[in-house]
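Okay, here's what each chain looks like letter by letter:
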Amino acid sequence: MGAQPHKAHPALVLFALSVGAFAIGTTEFASMSLLPFFARDLHIDAPTAGHAISAYALGVVAGAPVIAAFAARLPRRTLLVGLMAMFAIGNALSALSPSYHWMLLFRFLSGVPHGAYFGVAALVAASLVPIEKRTLAIAKVMSGLTIATVLGVPVANWMGQILGWRSGFFVVAALAVLTMTLVALYAPRDAGDPKASPMRELGALGKSQVWLTLLTGAIGFGGLFAVYTYVASTMIEVTHVAETYVPLVLIVFGLGMTLGNLAIAWLADRALNRTVIGVLLWSAAALALFPFMAGNIWSLSLIVFLIGIGGGMGTPLQARLMDVAGDAQTLAAALHHSAFNIANALGPWLGGLSIAAGYGLVSTGWIGCALALGGLVIFLIAITLDRRPDMVPAAAE
């Protein structure tokens, strides 16, 4: 007999995938917390520096569908390793950026593999467990991202203050190399899908439920980024605390996001639609309170924690996309992260416009509230048009 197929251990696979999520989460959120430092070094103001955040997000938006459509036939393990290699290179180049415009280019390139990595990782995670536990399995992968907001981002911010902002991007590149090693060791050695094709994957784009679910994330999650992108600047200029407090408040945000990610996934495995509605309402309320609580370090920390809890919305939307995408699973899963990075671009852009118009840093809370409510309206339209019950949807099919 030939060699026996590699049997993946679910816990080790989920850990390997979560390390990649940790690396991505660190660079995605740390670049926001490092914004005051690279803005100062590159001689630009905060709203202009926010364009570097948007450039990364646009890289995700552009890269996810292209990679997912044209690489769907590849073994998922091979694809994940390749995506992390691209991610490592992009972040190493970001650390070497000689000017603002080079920074924009390298942040865009860093974002290109992001969506496809998370999309494929989510499919691998879901394939390891029974369907009624899939949302929680996806959440365990995503916990790497949320733990990054507790550990990776504050450490990168601290390194930015002590060693310079470039060190944060070098650390992310090293984490990406570690992920490549772990995925190569532990991920299932699948043969790929010979039936996959760009046209089959693009079939997802003809489904209205796919678009409505993507729009829910693109609009509804933008509120969190509108506030989070400028929270370091808000602390320094509005709350009037020393820069050394910034990492502590970022840890508080990360704790909220970590708790929200797991709790919301547990709820979503029981009532998917109602969970998404509840999270959007929660986010709108927390973001509306932000302007009133930003003046004091204690109240600011509380509201940042509550806003962080709403960050768990991504996992149930990922699960919903798996149900409405049909055969185009890879593209739909990757597009989910394109949608969330449209939110990552939209939120900072609208927040920057509000700040530049003279409404102040705390006005990002009002922008965020409006975006969360907009996402809620879109999702209500989606479930009104959908005939399936609010259960684990695939069980009924």
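Here is what the cut-offs are and how they apply
- Residues numbered from 1 in each chain as written.
- Predicted model: local features only at pLDDT ≥ 70, side-chain atom pairs only at ≥ 80, totals over all residues.
- Heavy atoms only, no water.
- UniProt positions renumbered as here; feature names shortened; annotations may be inferred.
- Helix = DSSP H or I, 4+ residues; strand = E, 2+ residues; numbered from the N terminus.
- Rg over C-alpha atoms; globule rule 2.2 N^0.38 Å.
- Buried < 20%, exposed > 50% of the residue type's maximum accessible area, 1.4 Å probe, protein only.
- Contact = heavy atoms within 4.5 Å.
- Areas by Shrake-Rupley, 256 points an atom, 1.4 Å probe, with all protein chains shown as cover.
- Lys, Arg positive; Asp, Glu negative; His and termini not counted.
- Charge placed at Lys NZ, Arg CZ, Asp CG, Glu CD.
- Core = buried A, V, L, I, M, F, W, Y, C linked by side-chain atoms within 4.5 Å.
- Polar contact = N/O pair within 3.5 Å; in protein donor to acceptor, adjacent residues only side chain to side chain.
- Axes fitted to C-alpha atoms, helices over the stretch in contact; angles between N-to-C directions.
- Parallel < 35°, antiparallel > 145°, perpendicular 65-115°, else oblique.
- Left-handed = near helix turned anticlockwise from the far one by under 90°.
- Expected span 1.5 Å × (residues − 1).
- Patch = residues over 30% accessible without salt bridge, like charges linked within 9 Å, V, L, I, M, F, W, Y side chains within 5 Å.
- Salt bridge = Lys/Arg side-chain N within 4 Å of Asp/Glu carboxyl O.
- Phe/Tyr/Trp six-rings, centres within 6.5 Å; stacked < 30°, edge-to-face > 60°.

Naming follows an unreviewed UniProt entry, where the chain appears as MFS transporter of Sphingobium rhizovicinum. UniProt's Subcellular location (unreviewed entry) comment on the chain is quoted here verbatim: "Cell membrane".

S.K.: How would you sum up the overall build of the chain? Please name residues and give values.
M.R.: Counting its regular elements, the chain contains 18 helices and zero strands. Against the compact-globule benchmark of 21 Å for 397 residues, the chain has a radius of gyration of 20 Å, which places it among compact chains. Expressed along its principal axes, the backbone C-alpha trace of the chain runs to roughly 65 × 45 × 35 Å. Within the chain, the proportion of its 397 residues that are buried is 59%. Considering only intrachain contacts with a sequence separation of at least 6, the fraction spanning at least 24 residues in the chain is 86%. Surface exposure of the chain reaches about 15200 Å², of which carbon and sulfur atoms provide 72%. Distance between charge centres in the chain, computed from 19 positive and 15 negative side chains, equals 8 Å.

S.K.: How would you explain the nonpolar core if you had to name every residue and give the values?
M.R.: Counting residues in hydrophobic clusters, the biggest one holds 102 residues, and the most contacted among them are L17, F29, F38, Y117 and I307. Among the elements that take part in this core, helix α1 (residues 10-33) stands out by supplying 12 residues, more than any other. In this structure, L17 is in contact with L80, Y117, A121, V124, A125, V141 and V183, ignoring residues within four places of it in sequence. Among the nonpolar cores identified, the runner-up in size contains 13 residues, and L321, A325, L331 and L335 belong to it.

S.K.: So what's going on with the environment of R166? Which residues, and what values?
M.R.: Residue position: R166 is located in helix α8 (residues 166-186). Along the primary structure R166 and P247 are separated by 81 residues, whereas in three dimensions their C-alpha atoms are 17 Å apart. Of the polar contacts made by the side chain of R166, one reaches the backbone oxygen of S97; its length is 2.6 Å.

S.K.: Give me the packing of α1 against helix α4 (residues 76-95): which residues, what numbers.
M.R.: Orientation of α1 relative to α4, taken along the N-to-C sense of each, is 25°, at an axis distance of 12 Å. Taken as axis vectors, α1 and α4 run roughly parallel relative to one another. Relative to α4, α1 is oriented so that their crossing is left-handed. Here L17, G20, A23, I24 and T27 of α1 lie close against α4, whose contacting residues are L80, M84, F87 and N91.

S.K.: Can you explain helix α10 (residues 208-220)? Please cite residues and give values.
M.R.: Taking 1.5 Å of rise per residue, the 13 residues of α10 would be expected to cover 18 Å, and the 18 Å separating its terminal C-alpha atoms lies within 8% of that figure. For α10, the set of buried residues is Q209, V210, L212, T213, L214, T216, G217, A218 and G220.

S.K.: Break down a nonpolar patch on the surface for me, citing the residues and quoting the values.
M.R.: Judged by side-chain polarity, I89, L93, L96, W102, L105, L109 and F170 come together as a nonpolar surface patch covering roughly 640 Å² of accessible area. Secondary-structure elements contributing two or more residues to the nonpolar patch are α4 and α5 (100-111). Mapped onto the elements, L109 comes out in helix α5.

S.K.: Requested: an account of the packing of aromatic side chains, with residues and values cited.
M.R.: According to the stated counting rule, one finds seven aromatic pairs in the structure shown. Geometrically, the ring pair formed by Y117 and F118 is edge-to-face, given 6.0 Å between the ring centres and 70° between the ring planes. There is no split in this pair, since Y117 and F118 are both buried.

S.K.: Give a detailed account of unusual backbone geometry, specifying residues and quantitative values.
M.R.: With the exception of glycine, most residues fall at negative phi, and the peptide bonds are largely trans. Phi at H240 takes a positive value of approximately 60°, unusual for a residue other than glycine. Turning to its location among the elements, H240 is positioned in the loop between α12 (231-239) and α13 (246-268). Look at H240 and you get exposed, because its relative accessible area is 61%.

S.K.: Residue-level account of the side chain of R107, with values.
M.R.: Relative to the helices and strands, R107 is located in helix α5. R107 gets classed as buried once you look at its relative accessible area, which sits at 1%. Beyond its immediate sequence surroundings of up to four residues, R107 is in contact with T27, S31, A52, A55, Y56, N91, S94 and F169.

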